[in-house]
Amino acid sequence: MSRLLILLLLIYLATPTKLTAQTENTDSDGDKLWDHEEVKWGTDPHNPDSDGDGYKDKVEIINGYDPLGSGRLPKWIRIDLSEQSLSYGYGPKAVDTFIVSTGKRGFKTPTGEFSVLYKHEKKWSATYKLWMPYWMSFTYQGHGIHELPYWPNGYREGANHLGIPVSHGCVRLGIGPAQKLYDWAEAGTKIVVME
Ligand SMILES: [Ca+2]
Ligand SMILES: [Ca+2]
Ligand SMILES: [Ca+2]
């Protein structure tokens, strides 16, 4: 073999992108979680059922259970005021991200750690005389997450307000995402509101 061929072979073998591509497409234990995903979750890439409870790692994860022990993975909702976005997930997994509208100047949505206090499919705001569908309360001062509100005459807050902080402190979600989050979250789900 010529020197050039040997050199090319060495470069080929030493190329890191090639190595990355290999681990990304490897599922050593056949549990349908790639090896690099197992690293992220902390599960054993050489054992399809890391905690030995009879359920495969991937099966536990897609159903929201802890692949490394008993019980469910903790659910979380994260609201980013500067990004005007809401993400949610469980354990290290982010499920989805939605655009929101949070509190305007003087009505800023409070930052910190909260949890879903209670849910109500269609809550009436006595203060503002409007309906707030898919309501999830997270403070005792009346802050909640809900769908774009609408008035008794049927007029609905415009979706063009999403991405702009124009609410009275609540976190407004679009039609579709609001119900999706409402159906997924439960009383006690952790909520973090950050700047
Ligand atoms: Ca695997
Ligand atoms: Ca595994
Ligand atoms: Ca298991």
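Above this note sits the structure.
Everything numeric here is computed off the predicted structure, so don't read it as measured data.

Trainee: Any chance you could break down the pairing of strand β6 (residues 130-137) for me, citing the residues and the numbers?
Mentor: Sheet analysis places strand β5 (residues 118-125) next to β6, joined by seven bridges and oriented antiparallel. Counted as the bridge partner of Y118 is S137 from β6. Here β5 folds back onto β6 in antiparallel fashion, the turn holding four residues, of which K129 has a positive phi close to 55°. Of the pairings in the sheet, the one linking β6 to strand β7 (residues 144-147) comprises two bridges and is antiparallel in character. Looking at the pairing, S137 lines up with G144 of β7. Connecting β6 to the antiparallel partner β7 that follows it, the hairpin turn spans six residues, and G142 within it adopts a positive phi of roughly 100°.

Trainee: Now, about the nonpolar core: what can you tell me, with residues and values included?
Mentor: With 21 residues, the main nonpolar core has I79, L86, M136, V171, L173 and L181 as its most contacted residues. If one sorts the elements of this core by residue count, β6 sits on top with four residues.

Conventions we followed
Residues numbered from 1 in each chain as written. Chains lettered and ligands numbered in written order. Predicted model: local features only at pLDDT ≥ 70, side-chain atom pairs only at ≥ 80, totals over all residues. Pairing = 2+ DSSP bridges. Helix = DSSP H or I, 4+ residues; strand = E, 2+ residues; numbered from the N terminus. Core = buried A, V, L, I, M, F, W, Y, C linked by C-beta atoms within 7 Å. Buried ≥ 20, exposed ≤ 12 C-beta atoms within 10 Å, placed from the backbone.

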